[in-house]
Amino acid sequence: MGPIGVFDSGYGGLTILRDIRERLPEYDFLYLGDNARAPYGTRSFDIVHEFTLEAVKELFDRGCELVILACNTASAKALRTIQQEDLKNIEGNKRVLGVIRPSTEIIGDLSTTGRVGILATEGTVSSNSYPIEIGKFSPETKVYQQACPMWVPMIESNKYSSEAGKKFIREDVESLLAQDEDIDVIILGCTHYPIVKDFISSIVPENVKVIAQGKIVAERLEDYLNRHSEFSEICTKNGEVHYLTTESKEEFDGNASSYIGETISSEHIKLG
Ligand code: DGL
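What you see is a predicted model, and the numbers here were worked out from it, not measured in a lab. The written sequence of each chain sets the order in which its residues are numbered from 1. Thresholds applied to this predicted model are a pLDDT of at least 70 for local features of residues and 80 or more for the giving and counting of side-chain atom pairs; totals over whole chains, interfaces and linings are not thresholded and use all residues. To obtain the side-chain values, all non-hydrogen atoms of the structure were used and water was disregarded.

Peer 1: Just to check I follow, could you spell out the layout of surface pockets for this structure?
Peer 2: With a 1 Å grid spanning the protein atoms alone, the term cavity applies to any set of points in which a 1.4 Å probe fits but cannot get out, the term pocket to an open set with protein on both sides within 12 Å along at least five of seven lines, and the term lining residue to any residue with an atom within 4 Å of a point. Grid points are joined across faces, edges and corners, and a volume is the space filled by probe spheres set on the points. Put simply, the largest pocket is a space of about 680 Å³. Helix and strand definitions here come from DSSP, where helices need a minimum of 4 consecutive H or I residues and strands a minimum of 2 consecutive E residues; each element is numbered from the N-terminal end. Those elements giving two or more residues to the lining of the largest pocket turn out to be α3 (72–77), α4 (79–90), α5 (100–110), α7 (129–137) and α11 (214–227). The dominant element in the lining of the largest pocket, judged by the number of residues it contributes, is α11, at five residues. Note on residue classes: Ala, Val, Leu, Ile, Met, Phe, Trp, Tyr, Cys and Pro are nonpolar, Asp, Glu, Lys and Arg are charged, and everything else, Gly too, is polar. Grouping the constituent residues of the lining of the largest pocket by class yields eleven nonpolar, six polar and six charged.

Peer 1: Sorry, what's going on with the site of the ligand here?
Peer 2: A single heavy atom is enough: if one lies within 4 Å of a molecule or strand, its residue is considered near that molecule or strand. Close to the ligand lie 13 residues, the nearest being S9, Y40, G41, T73 and H192. T191 is positioned with one of its side-chain polar atoms (N or O) 2.8 Å from a nitrogen atom of the ligand. Between a nitrogen atom of the ligand and a side-chain N or O atom of H192, the distance comes to 2.7 Å. Relative to its unbound accessible area of 300 Å², the ligand is 100% covered by the protein chains. The cavity where the ligand resides is the second largest cavity. Looking at the shell around the ligand, its residues break down into five nonpolar, seven polar and one charged. N or O atoms closer than or at 3.5 Å make up a polar contact, with two conditions inside protein: a donor-capable atom paired with an acceptor-capable one, and, for residues adjacent in sequence, both atoms drawn from side chains. Each accessible area is a Shrake-Rupley estimate made with a 1.4 Å probe; only the visible protein chains count as cover when residues are assessed. Assignment to a cavity or pocket requires that more than half of a molecule's atoms be within 2 Å of the site's grid points.

Peer 1: What should I look at first to understand helix α1 (residues 13–23) in this one?
Peer 2: Think of an α-helix as 3.6 residues a turn; residues three or four steps apart then line up on the same face. Within the span of α1, buried status applies to G13, L14, T15, I16, L17, D19 and I20. Contact definition: two residues touch when any of their heavy atoms are within 4.5 Å. Residues of α1 that are buried in the fold lie against β1 (4–8), β2 (29–33), α11, β9 (241–245) and α13 (249–260). Here's how the labels work: a residue is buried when its accessible area is under 20% of the maximum for its type, exposed when over 50%, partly exposed in between, all with a 1.4 Å probe on protein chains only.

Peer 1: Can you help me understand the packing of helix α2 (residues 45–61) against α4 in this one?
Peer 2: A pair of packed helices is characterised by two quantities: the angle between their axes and the separation of those axes. The angle between two axes is taken between their N-to-C directions and runs from 0 to 180 degrees, where each axis is a line fitted to C-alpha atoms and a helix contributes only its stretch in contact. In the contact formed by α2 and α4, the axes pass within 12 Å of each other and the chain directions differ by 45 degrees. By the angle class used here, α2 and α4 are oblique. You can see that α2 and α4 cross each other, and the crossing is right-handed. Between α2 and α4, the contacting residues are F45, H49, T52, L53, V56, K57 and F60 on the first element and T81, I82, D86, L87 and I90 on the second. Here the contact of α2 with α4 is built from residues that sort into seven nonpolar, three polar and two charged. To sort the angles, those under 35 degrees are grouped as roughly parallel, those over 145 as roughly antiparallel, those from 65 to 115 as roughly perpendicular, and the leftovers as oblique. The crossing is said to be left-handed when, going from far helix to near helix, the turn is anticlockwise and less than a right angle, and right-handed when the turn is clockwise.

Peer 1: Any chance you could explain the state of the cysteines here in plain terms?
Peer 2: Put plainly, two cysteines are in a disulfide when a covalent bond ties their sulfur atoms together. Criterion for a disulfide: a pair of cysteine sulfur atoms at a distance within 2.5 Å. The full count for this structure, using the stated rule, is zero disulfides. No disulfide involves C71; its nearest neighbouring cysteine sulfur is the one of C190, lying 6.8 Å away. Unpaired in terms of disulfides, C235 finds its nearest cysteine sulfur in C64, a separation of 8.6 Å.

Peer 1: Mind showing me how you'd approach the environment of S229 here?
Peer 2: Take S229: it is sitting in helix α12 (residues 229–232). Taking the relative accessible area as the measure of exposure, S229 reaches 35% and is therefore partly exposed. Note: C-alpha distance between S229 and P25 (204 residues apart in sequence) is 17 Å.

Peer 1: Is there a simple way to think about the pattern of salt bridges in this case?
Peer 2: Pairing of side chains with opposite charge becomes possible as their charged atoms draw close. By salt bridge we mean one thing: a side-chain nitrogen of Lys or Arg within 4 Å of a carboxyl oxygen of Asp or Glu. Going through the model one piece at a time under the given rule, you end up with 15 salt bridges. For E105, the salt bridge is made with R220, and the minimal N-O distance between the two is 3.4 Å. Pair noted here: E105 is in helix α5 and R220 is in helix α11, with a separation of 115 residues, a long-range link. What makes E105 partly exposed here is its relative accessible area of 27%. Its relative accessible area of 30% is what places R220 among the partly exposed residues. Measuring nitrogen to oxygen at the nearest pair gives 3.0 Å for the salt bridge that ties R227 to D223.

Peer 1: Which parts of the structure should I look at to understand α7?
Peer 2: Buried within α7 we find S129, Y130, E133 and I134. One face of α7 carries all of its buried residues, which in axial projection span an arc of 115 degrees. Taking the helix axis as origin, the arc is that swept by the directions to the C-beta atoms.

Peer 1: What exactly am I supposed to notice about the sheet that holds β9 here?
Peer 2: Note: strands within a sheet are paired through backbone hydrogen bonds, in either parallel or antiparallel orientation. At least two bridges found by DSSP between two strands are what make those strands a pair. Read from one edge of the open sheet, six strands run β4-β3-β1-β2-β9-β10, paired in parallel fashion. Unpaired on one side and paired on the other, β4 (95–97) and β10 (267–268) mark the two borders of the sheet. Relative to β10, β9 runs parallel, the two being bridged by two bridges. Among the inter-strand pairings, T245 is bridged to a residue of β10, identified as H268.

Peer 1: Just checking my understanding: could you explain unusual backbone geometry for this structure?
Peer 2: The phi torsion of most residues other than glycine is negative, and most of the peptide bonds are trans. The omega angle of the peptide bond from A38 to P39 is 0 degrees, so this bond is cis rather than trans. Along the chain, the position of P39 falls in the loop between β2 and α2. In this model, N128 sits at a positive phi of 65 degrees, which is unusual for a non-glycine residue. Locating N128 in the fold gives a position in the loop between α6 (122–127) and α7. Its relative accessible area of 35% is what places N128 among the partly exposed residues. Positive phi, close to 65 degrees, is recorded for N158, a residue that is not glycine. N158 sits in the partly exposed class, given a relative accessible area of 39%.

Read these as geometric descriptors, not functional statements.
Dropping the structure here:
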């Protein structure tokens, strides 16, 4: 028995955790932010895999039976190898799920023009995971991508609302929309980006929907737990959350509390 593990390179996964807790308030969660080594988005495939596997093992060692990679970069670059190769060597009965699949399954239904845009890290964009996955569920949809390499560092360092921060965001959003004037849906393909969602919504044309993944991931997780009672039965349910960070506890507690609107007290850990 144990909590559900939620992993991100930093603060972004908190945006997913918030929506999962809203939908599944009875479950316990263990959040791990590898803030000291964020951003992952510009790192190589091998390093993202190595860091993500270390985090997954840590969450398994602390009793998690199910881990959500609440990070698109890790889902794009490490999930498949972990699911297909690593799991059987470490904990064959445990499960690791990602965040890309849920939104790609429904994106076709959200767009009326059949033109969708993805804002994501360089790693997620270069993996092509979004166009590949969307192509499976909605082959007629045209997918445009824009890498936003400055956004995660700006959010991790709390500089996203400065004038310079807004300029970077505006430039990347404009570059995405310039690729096709009929784009009517933008997926925030990085779990950090909901933190700047209001600003993005304020600068796009009115007909463009800006979609964060949290609610979609939460709904799919509930569905997964309903279909897999072998997991829902071994997840503890006291409505508790514990936070781990590789950064200093004080730094994490201050920033995380402002993102999730409640005071938290995390534990500092070392990975690797
Ligand atoms: N939240 C991560 C994602 O969804 C950010 C990755 C990074 O650290 O660059 O991609």
